Structures are given as structure tokens and as C-alpha cells.
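What the coordinates show
Each chain, written out:
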Amino acid sequence: MTTLDARPTIAAEAPDNYLTFRRGLLSWLFTLDHKRIGVMYLFAALASFFVGGVMALLVRTKLLFPGEVAWMTADQYNKAFTLHGAIMVFLVIIPSIPAALGNFVLPIMLGAKDVAFPRLNLFSFYLWMLGAICAVWSLIAGGFDTGWTFYTPYSSTSQAGGVIPVLVGVFILGFSSIFTGINFVVTIHKLRPPGMTWFRMPLFLWALYATAIIQVLATPVLGITVALLVIERAFNIGIFDPSMGGDPVLFQHFFWFYSHPAVYIMILPGMGIISEIISVHSHRHIFGFRFIAFSSIAIAIFSFLVWGHHMFTSGQSPLMNVLFSAITFSVAIPSAVKVFNWLATLYKGSISLNTPMLYGLSFIFLFTIGGLTGIPLAVLSTDIHLHDTYFVVAHFHYVMMGSALIAMIGGLHHWWPKMFGVMYSEFWGKIACALVFVGFNLTFFTQFMLGSQGMPRRYYAYDGTSAGIPGYVEGMAETFRIYHHISTGGSYIMALGFVITGIYLLHSLFAGRKAPANPWGGASLEWQCTSPPPHDNFSKTPRVGDCYDFSAVHWDEKQQGYVVDADAHASSATSGKGH
Amino acid sequence: MTVLNSITSFLAQTAADPAAAASTSAPVEPTSIKSTEFWMPAGASNFAAEVDWVFHFINWINVFFFVLVVAIMCYFVWKYRQKGREVYARGPNHNLPLELGWTILPTIIVVVIFFMGFKGYVSMRTPPADAYQIDVTAQQWSWQFKYPNGATSADLYVPAGKPVKLVMRSNDVLHSLYIPDFRVKQDVVPGRYTTLWFQADAATGEETYHRLFCTEYCGKDHSRMNQRVYVLGEVQFSDWVTKQGRWLEELAVKNPGDASILWKVGGPRLYGRCASCHTIDGAPGTGPSWGNYDGSGDVWDRIQAGAVHKVDGGKPIQDFIGPGKQYETPEAYLRASILNPGEHVVSNYGNVMPTFKGQLRDAEVDVLIDMMKNLKDKDGKPNFDAKGRFIGSMGPAPAGSE
Amino acid sequence: MSNAHSADSHDAHGHDAHHGHGDHAKYPFLAHHFDTPNQQFESGKLGMWVFLATEVLFFGALFVMYAIMRFKNPEVFSYASNYLDTILGGINTCVLILSSLTMAVGVRAAQTNKKGLLVTCLALTLAGAIGFLVIKYFEYRHKFEHNLKWGIAFYQPIDAQDAETVKMAPKPVENPVLAIAAPNPSAGAKVEPIVPLPPVDRSAIALPKAGPDGVATVALVEKAQEPVHYKPQAEDHLLDPMLPPQTHRFFAIYYIMTGLHGIHVLIGVGVIAWLLVMAMRGAYSSDYFTPVDLVGLYWHVVDLVWIFLFPLFYLIH
């Protein structure tokens with residue numbers, strides 16, 4: 001029935017799957033199928049990633065030159081890095097794993113036919129589009145140069161015309177995120193099939209659940225924060241204006257009360273993906289299931305208590321600084337232990353180094369650096385020196401990009417055969433992964449040194465200009481130039497890696513080899529339906545087993561894929577071999 | 001590395017002026033103190049040693065754990081690689097002692113590190129009672145340091161061997177004062193005072209300096225608020241502070257016959273504060289140029305009775321200048337535009353100029369007004385170049401200039 | 001072509017025929033991805049509760065801001081709350097509580113198949129919601145007429161005559177500490193100098209009597225030290241010599257919080273109206289009353305928020 005020849009079209013002969021179920025643009029725009037919604041989110045997020053990436057390349061290219069350049073003014077530079085941050089945070093990283101991969105995978109992995117509220121899901125997607133349109137509108141209105149953090153009083157008094165539109169967009173995107181969170185919480189609580197207890201649920205779903213809790217509880221505060229800033233700008237109310245009795249630092253408290261939990265929205269689903277990838281591609285039961293599951297919830301809860309560690313130099317009282325610093329370590333420990341759990345999963349595994357696994361291993365490498373470099377930032381005396389320098393930039397890129405984004409791309413490669421029914425080129429996949437890995441480290445590791453040597457962030461020029469006199473503080477260019485050059489070179493290499501990834505993935509859609517139902521040998525439920533899945537996910541209620549028990553998984557030569565012996569799998573779960 | 005160096009030096013040719021032309025009169029340009037280590041800049045305050053120690057301690061622990069994790073990962077990936085299509089791998093799913101161990105050990109380590117940081121931080125937040133206080137005003141996009149005797153300076157001069165406390169405020173948006181060599185940083189917030197303190201023991205003299213940055217994004221020229229920090233020995237410092245406080249008076253005293261010395265030498269020095277928004281030669285900027293930017297003449301000419309200089313959306317400012325009007329004289333209008341700039345805003349410009357009330361003494365405002373009156377000499381040749389340096393003809397050689 | 005976007009019913013493509021789910025044929029309102037009506041109902045309920053948690057955090061952030069502002073300027077809050085009409089606010093509170101009652105009765109009616117009662121209750125709830133908004137409109141209008149607004153507008157005279165009166169009032173000494181450093185670029189109008197508080201007449205305060213040891217008792221000392229609550233002395237706040245500085249901040253938070261609450265009431269009006277239309281068409285029964293139940297929950301939370309807002313703004317002086 002299957003051959004190894006490359007098929008010219010994705011699923012021309014395949015029986016009814018979600019891609020062929022109905023055709024036409026309207027059937028996509030008005031779909032209620034979580035899989036289609038996930039795919040639309042995916043391409044939207046990837047398009048935004050491209051735009052945000054171009055902004056980043058502009059910023060890095062400018063930084064090759066220490067002084068002023070004719071082709072980019074300081075104002076344009078400020079707008080570029082602001083747009084880069086806003087797009088990446090609000091349009092790419094926060095939605096991409098939950099809304100793109102999560103939407104597609106969660107119901108199938110859970111054993112359900114859809115999420116709890118499919119129409120709300122589609123509405124979430126429309127809200128995302130509306131938020132993206134607001135971002136475009138803000139560019140037309142003159143752009144905004146406040147930094148993605150919108151600190152007052154600069155953001156409440158900046159003359160840039162695009163500030164209110166982008167804030168409106170962020171508000172709308174917040175609701176997109178909230179509704180996705182509500183959907184996931186209810187789906188996981190109420191739509192589990194018989195036999196799928198909490199402790200049989202795959203860790204990716206635990207991660208999405210913890211993420212959804214944060215999305216639901218933290219995002220409303222972001223909504224209020226941007227609403228207050230819009231009101232401040234539009235009506236001049238004066239809540240952040242000291243001359244009218246307001247407090248600019250209050251904005252920072254409101255902002256970071258959301259934005260710190262937000263970074264866990266970014267990383268927790270990524271960690272969930274890594275749990276899946278590591279265990280499936282090592283064909284090994286995950287080590288320490290309960291710990292990893294509980295640590296996700298613990299991180300979600302503790303993430304609400306540490307927002308002040310972004311504000312150690314803001315004028316916040318020393319007592320608060322000490323408290324926030326101490327509590328921050330409580331969030332660090334569970335993450336560290338997860339890394340050890342993943343390593344222990346590799347132990348005595350049967351590891352196949354395909355592209356998703358390479359991304360998974362890159363994650364461990366990069367997340368270790370990212371997490372460890374958070375320590376000097378959590379420690380008060382060193383943070384005073386490092387805050388608002390490139391050290392912070394390097395740290396958060398290691399955790400947001402090197403970890404969350406890499407996990408997203410790894411997950412994309414892991415579930416790509418399932419989503420589209422095709423295999424991509426392993427050769428190019430490995431090349432691109434290597435380019436991204438090398439480029440990323442060149443770009444951002446140098447920035448640790450840049451920061452600790454004292455280079456502040458958000459600097460257009462580093463030639464020591466003061467009051468119109470370049471080089472007034474001399475030697476800056478000499479000190480910092482080499483790091484900036486290496487960093488920019490690395491960013492081009494990384495960009496090349498991403499471009500290659502985009503090319504071979506797109507190519508696979510048109511000319512990829514047909515994918516078996518289970519190319520990697522996973523034991524969770526999504527591998528027990530066809531690739532791509534049928535419209536209704538499961539024709540009959542799936543039988544739930546231990547999703548990390550690979551004893552019933554065998555290679556099938558005819559299908560060129562793995563097969564799970566469902567009866568043996570389900571019975572092994574009930575035989576008492578639990579977590 | 002040489003290839004990289006040649007590439008970097010090629011790329012270093014920027015579009016801006018070469019950095020060398022920073023000052024006209026000083027024969028030897030002071031240099032900033034360079035870093036000698038890989039990670040941290042040269043430490044020069046009482047905090048540096050401890051902060052560096054904690055940083056390196058953390059760094060080495062990080063290196064240890066990083067190498068451990070990556071080595072184990074690479075080893076396992078090699079040793080347990082898949083053989084053929086073998087699928088099911090048996091390995092342990094739990095190991096309670098191991099899990100407890102690798103939870104408790106990092107916890108102990110971070111608690112220790114937390115206390116180290118806490119200790120250092122407490123001393124950073126506790127200035128000694130006898131600290132020498134310097135007031136700092138930050139605004140877009142310049143710093144001003146004010147000393148107890150009223151002296152002001154754009155660069156920070158501190159006495160060596162004494163604790164120094166900076167009391168800081170902002171006139172507009174958030175800024176942050178950062179001196180990497182001293183390991184100190186504190187945000188400067190409008191509407192309140194924030195403080196930081198340090199003690200620098202090694203004097204730099206006036207030949208070398210530390211770098212001072214603004215490190216909280218504050219708008220267009222956030223990267224152009226760099227200043228120098230000079231650490232002077234006791235005698236040198238008190239000399240400097242005395243002279244600085246009376247620099248205008250000193251100029252006048254040393255040149256009794258030549259009143260114009262004040263605006264010829266003092267003007268350019270004060271103009272530095274204005275330069276970030278007002279050009280001298282008519283070039284566009286955030287604020288209207290002092291020179292002729294729209295054909296109506298330079299700043300003094302265009303507010304005279306015969307000219308028409310539009311403010312507040314089209315009204316001629318001349319309507320407000322004259323006997324019985326809001327400003328008796330053009331000088332009064334110029335003074336008001338420095339001390340209360342929102343009163344009348346020049347057409348086609350935004351109301352963004354901060355007030356300099358409290359930052360410029362009356363005598364200094366007078367000097368600036370005189371400079372604006374004398375942008376050209378009596379033959380129409382410019383007295384000041386585009387950077388505000390005096391290029392006209394001097395009277396007798398000025399003493400007491402920079 | 002076909003409807004992938006059908007309201008309130010399962011996918012009409014005939015999938016239930018494939019799967020042989022009797023329930024889907026039996027219950028037309030059962031969505032295709034749910035197995036039983038109970039599962040659907042439970043899911044909807046949980047979803048609504050989670051959404052209400054987000055609403056609590058949404059308003060919660062504003063309550064925190066209220067607390068911070070009140071803590072910093074207690075005299076402003078105790079003074080300015082006198083400008084709010086407690087009677088109208090009280091009527092609004094009763095209206096909302098009654099509408100919550102009618103909503104709850106309506107839910108019960110839906111559960112027990114009483115269509116007529118359900119329609120009546122929904123209509124009454126809708127009337128209550130609209131009534132709330134009407135009263136709010138009058139409250140706001142009265143305040144706008146007297147320039148009891150946010151920000152700089154608070155200090156603008158109402159009209160030319162008022163401007164004259166305010167100008168005639170004795171000029172306060174310009175307090176350099178209170179002088180505004182840099183005018184806000186978007187303000188436009190000039191700000192009148194803030195009137196400083198008059199000194200408290202200490203001689204009017206009776207000294208506490210000495211106790212047996214010659215020391216006043218704690219209770220008496222505390223009584224003597226109680227803050228004097230300022231009440232507005234004039235209809236026009238600009239003429240009131242007792243006006244505390246920063247009073248505009250009270251109105252800022254007042255409009256933000258009651259405005260946001262009002263927007264939620266408005267949304268409630270829309271949703272309840274939709275429910276009413278559907279109820280009149282007979283869409284709800286003891287089998288399927290989920291939307292009524294969920295909207296009821298939403299309405300109760302809106303009411304609850306008001307029950308916190310009312311005392312915090314209107315009652316505490």
C-alpha cells in the first residue's frame with residue numbers, strides 16, 4: 001500500500017484527512033477544526049517571526065558601526081528594536097507553541113475530538129489577526145520607539161504616533177491568549193477519554209495546562225496595564241505623570257506582574273515539547289514523570305511572585321528587592337531539575353539523532369546557559385552591575401530564543417509529519433540546525449561579555465558621543481567593537497539557518513516523501529492516528545496506555561514507520577506499571 | 001584574528017566626524033580607563049572587589065554545571081545511540097535518592113549565593129553619614145552634576161578616598177546612571193529622588209577617566225548621554241570645585257577689561273547643554289536652530305521689531321515683545337524661553353524643551369543670551385562654528401579658559 | 001458551500017451517522033466533539049468560571065491601584081467622595097442586586113421548563129441593566145457639567161463666569177514646592193497653582209484630660225489625634241479653600257473603574273438581550289439551559305464588582 005517514492009501531492013490518495021476534508025479558502029477561514037486553526041496560527045506566527053527577524057538583522061547590522069550612519073537614524077533604530085521586541089514577544093513566542101502546536105496536538109494527544117470550545121478557538125485566531133493588523137496600523141501611524149516594555153513616562157509622552165495603535169493591538173492579543181488558555185484548561189479537565197487520568201497524560205499536556213493557568217491569570221493584568229497607558233496618553237489622566245501626582249514606577253509593577261509570568265508562558269510549553277522529544281527519540285520512558293509534571297505547576301505558581309526582579313534598580317525599596325531576589329531562586333530550582341531529568345532519560349536510551357532530537361539536545365545546551373546566567377541577574381549585588389546591559393539581552397535571548405523558540409522548531413519538526421503527512425529532508429534539517437546552533441551561540445554568547453564589560457542596551461551608537469561630540473568618552477568603540485562584529489556575523493549565520501529551514505519545510509509540502517503514521521516511534525495517542533489525522537481525530541474512542549512506555553512499539557518495514565500494538569500498550573498501562 | 005582586526009578597522013570608518021576633534025584647547029586628550037580582564041572592567045570603587053568576587057564565583061559554578069551537563073549529554077548520546085531499529089530501551093524511571101540529591105544540592109548552592117549578593121547589596125544601599133553629596137539632574141539627553149558650593153559640571157568629578165553620595169532626579173523621563181568601573185547603577189526617576197553611593201580610592205587625575213552611561217532607554221539620544229568620571233585627589237579636587245563654582249566669576253576677574261570674554265569662552269561651554277537640540281548654523285534639530293533656518297535670520301535677529309518669527313501656531317512673537325507687552329525686551333523673551341519654554345512654542349516645533357530653571361544661574365543665562373546676540377560679528381562673519389566653538393577674533397588672550 | 005460555522009448545533013455533515021452516537025441524534029444542541037450533554041454542560045460551566053477568574057484579575061489590578069492611590073492620598077479620597085451622589089449610587093446598587101435576583105430566578109425557570117417566567121425574568125434583568133446605565137448617565141452628566149473630571153480638566157473653570165469668579169478669589173501664594181516643573185506636552189491649558197491647605201486651628205481641638213497619673217488615657221489621646229475630615233465647602237470645587245491637592249486623582253480612578261464596570265454592564269445588556277430573543281423562540285429547556293446559566297454567572301460577577309465599587313467610592317469618607 002505504501003511505497004518509498006516521493007509523492008507529488010500531500011494526500012491526494014489518502015482517505016479523508018483534515019486537510020482534504022473540505023477545500024476552499026472559506027472552509028479554512030470559517031473552520032472549527034482545531035487542526036486547521038493550529039496550522040493557520042503556525043503560518044501566521046512564522047510570518048511574524050520573519051518580520052521580527054528582519055528587524056533584528058537591521059539592528060545588528062547597524063551595530064557593526066559604532067557611530068552614526070547615514071542609512072539609519074537613531075530614531076529609526078529605536079523603532080526597529082522596539083518593533084523587534086514587540087513582534088517577537090506578542091505575535092510569535094507567546095502564541096506560537098500554545099496556539100500553533102498546542103492547538104493541533106493537544107486534543108489528539110489527549111484523545112479528544114476537538115478542544116472544548118471550537119468557536120472560541122476560531123475567535124482567538126481572529127483576535128490574533130486583529131492584533132497583528134493593529135501592529136501594522138501602528139507602523140503606518142508613525143511607528144513607536146518606546147521599547148517593547150513601554151516604560152512611562154517616556155511611553156506616555158512620546159510623540160511617536162504608533163503608540164496607541166500598538167497598545168490596542170497588545171490588548172486584543174491579550175484576549176486571544178486568554179481565550180486559548182480558557183480553552184485548554186477546560187479541554188484538559190473535561191475532555192479526557194476514559195483511562196486518561198492526570199498521571200497518564202503526556203507531559204506536553206501538563207506543560208500546556210500550567211501555561212494556560214498563567215495565561216488566564218496573568219494576561220488580564222497586561223490588558224489593564226496597556227488600557228491604563230492608552231487612557232493616560234489619550235486623556236492625560238496623570239496616573240503615571242509625577243507632575244500630576246502619579247508614579248511612573250507603578251507602571252513597571254503592573255507591567256512586570258504580567259510579563260514575568262509571560263516568560264513562563266513562553267518556556268513551559270517548550271519544556272513540555274522537550275520532554276516529548278527526548279523520550280520519544282531515545283525510545284525511553286521519561287525519567288521522573290511526577291516531578292516534571294509537578295514542577296510545571298510549581299513554576300506556574302511561583303512565577304507570579306517574582307516580578308520585582310526586573311526592577312532592582314528602579315527605585316523600589318531595598319526590602320522588596322531582597323524578597324524578590326530570594327523568591328526568584330525558588331523558580332530556578334525546578335527548571336534546573338528538569339534538565340537533570342532529561343539527561344537521565346537519555347541514560348540507557350536508544351537514541352536516534354534525527355532533526356527533532358538535535359533540536360532537543362540544542363535546547364538542553366542552550367537552556368543550561370540561559371538558566372545559569374539568570375543567577376548573576378537574580379543575585380542583588382551582581383545585578384546592579386549587569387542590569388540594563390547586554391548581559392540581560394544575552395540571558396533572555398538564550399532562554400526565549402535559544403530555548404523556547406528552539407523547542408518550538410524542534411516540536412515543529414517532531415510533529416510535521418503528523419501535521420502534513422510528509423517527511424522533510426533530514427540532511428537539510430541537520431544542516432540548518434547546525435547553522436542555527438552555531439550562529440546563535442556566536443550572536444549571543446559574545447553579548448555576555450559585552451554586558452559585563454559595561455555596554456548598556458538599547459544603544460544606537462557606542463562611540464561615546466556626548467552632547468553632539470562623538471568620541472567624547474573615548475575608547476568605547478575599541479572596547480566593544482569586536483564583540484558586536486562577532487555577534488552580527490553570528491546573526492547572519494543564524495538567519496541563513498532559518499531561511500534554509502523555511503525552504504526545506506515548504507518544499508516538503510509539495511514534494512516530500514509520504515509520512516507513516518508513526519515515523520519516530522512515539523507511544524502517545526497522536527501517533528495512533530494517520531498522518532495527517534482524519535477530520536474527527538479518532539474514529540473510535542482511543543485506548544489509553546502509558547504514553548512513555550515503548551515496549552509495544554515496533555518498526556514496521558512495510559510502512560517504513562513504527563507501529564504501536566494498541567492492545568499490548570493499553571494492557572501494559574493497566575498492569576500496574578505506572579508512574 | 002588579524003583578518004578580523006583588519007575587517008573591524010575597515011568597518012570602523014564611520015560616517016561621522018573622526019573622534020579626535022573633541023576639544024579645541026586641551027593639548028592632550030584624556031583617555032578612558034580600559035578593561036584589563038575578560039569579563040569585568042577595571043574595578044575602581046569599594047564595591048568592585050566584592051561584586052567581582054561574587055560574579056566570578058557564580059561564573060565558575062556555572063561553568064562547572066554547564067560542562068557537567070553537556071559532557072554527560074554528549075556521552076550519553078554517543079554511548080546509547082540507537083542500534084538498527086531497536087526501539088524499546090529499558091532504563092530507570094525513578095531514583096529517589098538521586099532526585100532528592102539533585103534538588104537539594106542546587107538549592108543549597110543558590111541559598112549561599114543569595115546571601116553573598118544580599119550582603120553586598122546591603123552595603124550598596126547604606127551610604128555612610130558623612131558622604132560627600134553631589135546632586136544629579138538627568139534630562140533628555142544630558143547630565144548635570146551640582147556640587148555643594150553651587151558649582152555645576154557636565155562631567156562627574158569626585159574626590160578620591162571619600163564616600164560620595166549622588167542624589168538624583170530626572171526632569172522628564174526615566175534615566176539610569178551607570179558607572180561600570182564602580183559597579184554602581186540606579187534609575188533616575190522624575191518626581192522623586194533616588195540615591196547611590198560609592199567610594200573611589202584611586203585617583204585618575206584629569207588625564208584619565210571612567211565612563212558614565214545612561215542605561216534606561218530614554219528616547220532618541222539615549223546612546224548619546226555618555227559622560228566622564230574623574231577621581232581627583234583631595235587637594236586637586238577642592239581646587240577644582242572652587243574654581244568650577246566660580247568659573248564665570250573667575251573668567252570675569254581674570255579679564256577685567258574684556259566683558260565679552262564671558263560669552264566668547266563661557267558661551268561655548270554652556271552651549272554644550274543646548275547643543276543636543278539647537279544647532280548654531282541653521283541645521284535642523286529637535287529645537288529651532290540659533291542660526292538662520294528659515295530665512296528670518298538668526299535667533300537674535302528674528303525676534304527684533306522688524307522681523308516676523310512665528311510662535312504658537314502662527315502668531316508673531318513680536319506681538320509679545322515690547323514696552324507694555326508680555327516681555328519688555330527681547331532679552332526678557334530669550335530668558336523666558338530658557339526658564340519657561342512651554343510659554344510660547346515656536347511654530348512647527350513640539351513643546352518638548354525642558355526648563356533649565358534651577359540648573360542655570362542668572363549669570364549663566366545672561367551669558368547665553370549674550371552669545372545669542374553675538375552669533376555674528378559686526379561684519380556679519382560667524383563668531384561660532386557649527387560645534388559652538390568660538391572662531392571669531394578674541395580680545396586679549398583669555399586667561400582662565402579651558 | 002456548507003456551514004462549518006453553525007450556531008448552537010453540531011456539524012450537520014452527518015458524522016454522527018458514522019459514529020453512531022445516539023446522543024447526538026437525540027440532543028440537537030450537543031456539539032460533535034462532546035460525548036454527552038452533561039460533559040458539554042460541565043465544560044461550559046468550567047469555561048465560564050475560568051473566564052470569570054480573568055475578570056476578577058482584570059478588576060483586581062484596578063482595585064490594587066485604588067488601594068495604592070488611597071494609601072498615598074487618604075485626604076483626597078475622603079474629601080472627594082462627598083461629591084458623589086450616594087442616593088443615586090444606592091439606587092443603582094439596589095437595581096443591580098434586584099437584576100441579579102431576577103437573573104437567578106430566570107435560570108431556575110429555564111431549568112424547570114417555565115418559558116414564560118424565563119422570558120419575564122430576562123426582560124426584568126435587561127430593564128435593570130439598562131436602568132443602571134441610565135442612572136449612570138445622569139451621574140456622569142452632572143459631574144461633567146461641574147468639571148469634576150480627570151486630569152487637568154478638573155482645574156478648568158466651567159464657563160466664562162466661573163472663570164471670573166475663580167480669578168476674583170484671593171490668589172494663593174505660589175508654593176515653589178508644588179510648582180509643576182515641566183508642563184505636560186499634551187496638556188495645552190495652563191494649570192492654576194494648587195491651593196494649599198489652610199492651617200488647622202489647633203486651639204479649637206480640646207486637649208485630652210489628664211488621668212490619675214497626669215497622663216491622658218490612650219483613648220482620649222487617640223480621639224484628639226483623629227484626622228479632621230474635610231467636607232466640600234462649595235458646590236464649585238475650584239472655589240473651595242479646603243480642596244486638597246491631587247484631588248483630580250480621585251476622579252481619575254473613579255471614572256476608570258466605574259467606566260470599565262459600565263462597559264461590562266453594556267456588554268451584559270447585549271448578551272441578555274440576545275438571551276431574551278432566543279428564550280422567546282423557545283431555545284431553552286430543562287435539557288439545555290446552559291447559555292442562561294453561564295450568562296447568569298457573568299451577570300452575578302458584574303454585580304459583585306459593583307458591590308465592591310459602591311462602598312469604596314461612595315460610602316467611605
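Residues numbered from 1 in each chain as written. Chains lettered and ligands numbered in written order. Predicted model: local features only at pLDDT ≥ 70, side-chain atom pairs only at ≥ 80, totals over all residues.

Focus on the overall build of chain A
Definition in use: Starting at the N terminus, helices and strands are each numbered in turn, a helix being any DSSP run of H or I of at least four residues and a strand any DSSP run of E of at least two. This radius of gyration counts C-alpha atoms alone. The globule rule is 2.2 Å times how many residues there are, raised to the power 0.38. Contact criterion: two residues are in contact if their C-beta atoms, reconstructed from the backbone, are within 7 Å.
The helix and strand inventory of chain A stands at 17 helices and four strands. Against the 2.2 N^0.38 benchmark of 25 Å for 579 residues, chain A shows a C-alpha radius of gyration of 24 Å, consistent with a compact globule. Contacts in chain A between residues far apart in sequence, at least 24 positions, make up 82% of those at least 6 positions apart.

Looking at the nonpolar core
Just so we agree on the cut-off: Residues of type Ala, Val, Leu, Ile, Met, Phe, Trp, Tyr and Cys that are buried and joined through C-beta atoms within 7 Å form what is called a nonpolar core. Whether a residue is buried, exposed or partly exposed is read from the other C-beta atoms within 10 Å of its own C-beta, which are placed from the backbone; 20 or more gives buried, 12 or fewer gives exposed, and intermediate counts give partly exposed. Each domain's extent is set by a domain assignment, obtained either automatically or from a database.
Counting 359 residues, the largest nonpolar core has Tyr41, Val185, Leu205 and Tyr209 of chain A as the members making the most contacts within it. Residue contributions to this core peak at 24 residues, all from helix H3 (residues 74-110) of chain A. Looking at which domains feed residues into this core, each of domain 1 (28-78 + 127-245) and domain 2 (249-373) of chain B gives three or more. Not counting residues within four places of it along the chain, the set of residues in contact with Tyr41 of chain A comprises Pro95, Ala99, Ala100, Asn103, Phe125 and Trp128 of chain A.

Section: the sheet that holds strand E2 (residues 132-139) of chain B
Residue and element names in this part refer to chain B. Applied cut-off: Strand pairing requires that DSSP identify at least two bridges connecting the strands.
The mixed open sheet is built from five strands, whose spatial order is E4-E3-E2-E6-E9. The strands lining the two open edges of the sheet, one partner per strand, are strand E4 (152-153) and strand E9 (194-199). Where strand E3 (residues 142-146) lies against E4, two bridges are found, and the strand directions are antiparallel. Bridging from a neighbouring strand, Phe145 pairs with Ser153 of E4.

A few points about the environment of Phe444 of chain A
Residue and element names in this part refer to chain A. Position of Phe444 relative to the elements: it lies in helix H15 (residues 426-452). The class of Phe444 is buried, set by 27 C-beta atoms lying within 10 Å. The spacing of Phe444 and Ala218 is 226 residues in sequence and 29 Å in space, taken between C-alpha atoms. Excluding residues within four positions of it along the chain, Phe444 makes contact with Ala394, His397 and Tyr398.

Quick look at the pairing of strand E6 (residues 163-170) of chain B
The side chains of a regular strand alternate, first on one face of the sheet and then on the other. Residue and element names in this part refer to chain B. Only one face of E6 is covered, namely the one carrying Val164, Leu166, Met168 and Ser170; the face carrying Pro163, Lys165, Val167 and Arg169 has none of its residues buried. As paired strands, E2 and E6 are joined by seven bridges and run parallel to one another. Along E6, the bridge assignment pairs Tyr132 with Val164. As paired strands, E6 and E9 are joined by six bridges and run antiparallel to one another. Opposite Leu166, over in E9, you have Leu196 as the bridge partner.

Focus on the packing of helix H2 (residues 34-62) of chain A against helix H4 (residues 118-140) of chain A
Residue and element names in this part refer to chain A. Threshold: Axis definition: a line fitted to C-alpha atoms, limited for helices to the stretch in contact. Angles are taken between N-to-C directions and run from 0 to 180 degrees. These descriptions rest on fixed angle ranges, namely under 35 degrees for roughly parallel, over 145 for roughly antiparallel, 65 to 115 for roughly perpendicular, and the rest for oblique. It is the rotation of the near helix from the far one that decides the hand of a crossing: anticlockwise by less than a right angle makes it left-handed, clockwise makes it right-handed. The residue classification treats Ala, Val, Leu, Ile, Met, Phe, Trp, Tyr, Cys and Pro as nonpolar and Asp, Glu, Lys and Arg as charged. All others, Gly included, are polar.
Following both chains from N to C, one finds H2 and H4 inclined at 15 degrees, their axes separated by 10 Å at the closest point. Between H2 and H4, the angle falls in the class roughly parallel. Along this stretch, H2 crosses H4, giving a crossing that reads as left-handed. Taken together, the residues of H4 that come into contact with H2 (itself represented by His34, Ile37, Met40, Tyr41, Ala44 and Ser48) are Pro118, Asn121, Leu122, Phe125, Trp128 and Ala132. A class-by-class count of the residues in the contact of H2 with H4 yields nine nonpolar, three polar and no charged.

A closer look at the domain arrangement of chain B
All names here are of chain B. Assigned domains within chain B: domain 1 (28-78 + 127-245) and domain 2 (249-373). On a C-alpha basis, the centroid separation for the pair domain 1 and domain 2 is 34 Å. With 10 residues of domain 1 at the contact, the number on the domain 2 side is six residues. Here the residues of the side of domain 1 that touches domain 2 sort into two nonpolar, five polar and three charged.

Some remarks on the pairing of strand E10 (residues 208-214) of chain B
Residue and element names in this part refer to chain B. Within E10, six of the seven residues are buried, which leaves the element mostly enclosed by the surrounding structure. The pairing of strand E1 (residues 31-32) with E10 spans two bridges and is parallel. Along E10, the bridge assignment pairs Ser32 with Tyr209. When strand E7 (residues 175-179) meets E10, the two strands line up antiparallel, connected through two bridges. The partner of Tyr178 across the bridge, within E10, is Phe213. In this structure, E10 lies alongside strand E11 (residues 227-232), joined through three bridges in antiparallel fashion. For Arg211, the partnering residue across the bridge sits in E11 and is Arg228.

Some details on the confidence of the model for chain B
All names here are of chain B. Let me state the cut-off plainly: Confidence of the predictor at the level of single residues is captured by pLDDT, which takes values from 0 to 100.
In the predicted model, chain B carries a mean pLDDT of 86, and 91% of its residues have values of at least 70. Throughout residues 12-24 the model reports pLDDT below 50, and contacts reaching past four residues in sequence, or to other chains, amount to 25 contacts. Note on the complex model: pTM 0.84, ipTM 0.91.

Notes on unusual backbone geometry
A cis amide bond links Ser531 of chain A to the next residue, Pro532 of chain A, at an omega of -10 degrees. Within the fold, Pro532 of chain A resides in the loop between strand E2 (513-514) and strand E3 (553-556). Put simply, Gln140 of chain B and Trp141 of chain B share a cis peptide bond, and its omega is 0 degrees. Positionally, Trp141 of chain B belongs in the loop between E2 and E3. Of note, Asp388 of chain A is a non-glycine position whose phi angle comes to about 60 degrees, a positive value. On the secondary structure map, Asp388 of chain A appears in the loop between helix H13 (380-386) and helix H14 (390-420). Residue classification places Asp388 of chain A among the buried positions, given that 22 C-beta atoms sit within 10 Å. Phi is positive for Asn147 of chain C, close to 55 degrees, though the residue is something other than glycine. Tracing the backbone shows Asn147 of chain C in the loop between helix H6 (115-145) and helix H7 (160-168).

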